[in-house]
Amino acid sequence: MTENTGVRLGAAPGSRGRTTIADVVVEKIAGMAARDVRGVYALGSGFARSMGTMRERMPGAGSGKSATRGVSVEVGELQAAIDLELVVDYGVSITDVAAAVRENVISAVERMAGREVVEVNLMVSDVKLPDEEDEGEERQRIQ
């Protein structure tokens, strides 16, 4: 006796099953794509960056910058919406940086995650001035 398992013989292997992509995956893709744009100094607000720097220095808390800091997403089965909080370098055109970030993020998420990006909302929360010290440089000098 044969049992019908629901698999159609001859169906393409890629169509057998379901792929679920976690929100954090899309957050990381979007965060990395945004950071790759010239003129983006950092993601996240000053407070979030400060807390992240402290967290990175704690033993056992992981290494490197958080790829999801300043990024939030809503991911459905077919679409994604992305919110980013940016700090830009002084002197760059914020509108040009915003357009480049949107283009890079949409391209990366659609290519890697296969989700249509319906919107990328940006909030520029700060501008990195040339004479401002990096948070890490200031802490190293104090120690």
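Nothing here was measured: the structure is a model prediction, and the numbers come from that model.

Peer 1: An account of the packing of helix α1 (residues 23-35) against helix α3 (residues 94-113) is requested, with residue identities and associated values reported.
Peer 2: α3 packs onto α1 with a crossing angle of 140° between their chain directions and a minimal axis gap of 8 Å. In this structure, α1 crosses over α3, and the sense of that crossing is right-handed. Contacts from Val26, Ile29, Ala30, Ala33 and Ala34 of α1 reach α3 at Val101, Asn104, Val105, Ala108, Val109, Met112 and Ala113. Across the contact of α1 with α3, the residue classes break down as eleven nonpolar, one polar and no charged.

Peer 1: So what's going on with the pattern of salt bridges? Which residues, and what values?
Peer 2: Throughout the structure, instances matching the rule amount to one salt bridge. Across the pair arginine 18 and glutamate 77 runs a salt bridge, and its minimum N-O distance is 3.4 Å. In this pair, arginine 18 is assigned in the segment before α1 and glutamate 77 in the loop between β2 (71-75) and β3 (79-89), connecting sequence segments 59 residues apart. The burial state of arginine 18 is the same as that of glutamate 77; both residues are exposed.

Peer 1: Tell me about the layout of surface pockets, and please be specific about residues and values.
Peer 2: Approximately 150 Å³ is the volume found for the second largest pocket. Considering the residues around the second largest pocket, the lining is formed by Arg18, Thr19, Thr20, Ile21, Asp23, Val75, Gly76, Glu77 and Arg115.

Peer 1: Describe the side chain of glutamate 85, and please don't skip the residues or the numbers.
Peer 2: Within the secondary structure layout, glutamate 85 lies in strand β3. In this structure the side chain of glutamate 85 is engaged in a polar contact, spanning 3.2 Å, whose partner is the side chain of serine 125.

Peer 1: Help me get a handle on the nonpolar core, residues and values and all.
Peer 2: Core analysis: the largest hydrophobic core is formed by 23 residues, its most contacted members being Ile82, Leu84, Val101, Val105 and Val109. Among the secondary structure elements, those contributing two or more residues to this core are α1, β1 (40-43), β2, β3, α3 and β4 (116-128). The element best represented in this core is α3, accounting for six residues. Contact partners of valine 105, with chain neighbours within four places excluded, come to Ala30, Ala33, Ala34, Ile82, Leu84 and Val120.

Peer 1: Account for the side chain of arginine 115, with residues named and values stated.
Peer 2: The residue arginine 115 is located in the loop between α3 and β4 in this model. Buried and without a salt bridge, arginine 115 has glutamate 77 as its closest oppositely charged side chain, separated by 7.0 Å. Here the side chain of arginine 115 touches glycine 76 through a polar contact of 3.2 Å, landing on its backbone oxygen. Leaving out residues up to four positions away in the same chain, arginine 115 has contacts with Thr19, Ile21, Val75, Gly76, Glu77, Leu78, Gln79, Ala80, Val109 and Glu110.

Cut-off values and rules
All residue numbers here refer to positions counted from 1 along the written sequence of the relevant chain. With the structure being a predicted model, the display of local features is reserved for residues of pLDDT at least 70 and the display and counting of side-chain atom pairs for 80 or more, all residues being used for whole-chain, interface and lining totals. The basis for every side-chain value is the complete set of non-hydrogen atoms in the structure, without hydrogens or water. Only the stretch in contact is used when fitting a helix axis, every axis being a line fitted to C-alpha atoms; angles between N-to-C directions are given from 0 to 180 degrees. Helix numbers and strand numbers start at the N terminus; a helix is a DSSP run of H or I with at least 4 residues, a strand a run of E with at least 2. By the definition used in this description, the sense in which the near helix is turned from the far one sets the handedness, with an anticlockwise turn below a right angle giving left-handed and a clockwise turn giving right-handed. By the convention used here, residues are in contact when the closest approach between their heavy atoms is within 4.5 Å. Under the grouping applied here, Gly and all other residues not named as nonpolar or charged are polar, the nonpolar ones being Ala, Val, Leu, Ile, Met, Phe, Trp, Tyr, Cys and Pro and the charged ones Asp, Glu, Lys and Arg. We define a salt bridge as a side-chain nitrogen of Lys or Arg found within 4 Å of a carboxyl oxygen belonging to Asp or Glu. Any residue under 20% of the maximum accessible area for its type is buried, any over 50% is exposed, and the rest in between are partly exposed; the area is computed with a 1.4 Å probe on protein chains only. Grid points spaced at 1 Å and placed over the protein atoms alone form the basis of the search, with a cavity being a set where a 1.4 Å probe fits but cannot get out and a pocket an open set showing protein on both sides within 12 Å along at least five of seven lines. Lining residues have an atom within 4 Å of a point. Grid points are joined across faces, edges and corners, and a volume is the space filled by probe spheres set on the points. Between N or O atoms, a polar contact is any pair within 3.5 Å; within protein, one atom must be a potential hydrogen donor and the other a potential acceptor, and residues adjacent in sequence are included only when both atoms are from side chains. Residue types Ala, Val, Leu, Ile, Met, Phe, Trp, Tyr and Cys, when buried and joined through side-chain atoms within 4.5 Å, form a set referred to as a nonpolar core. Charge assignment in this entry is limited to Lys and Arg as positive and Asp and Glu as negative, and neither His nor the chain termini are counted.

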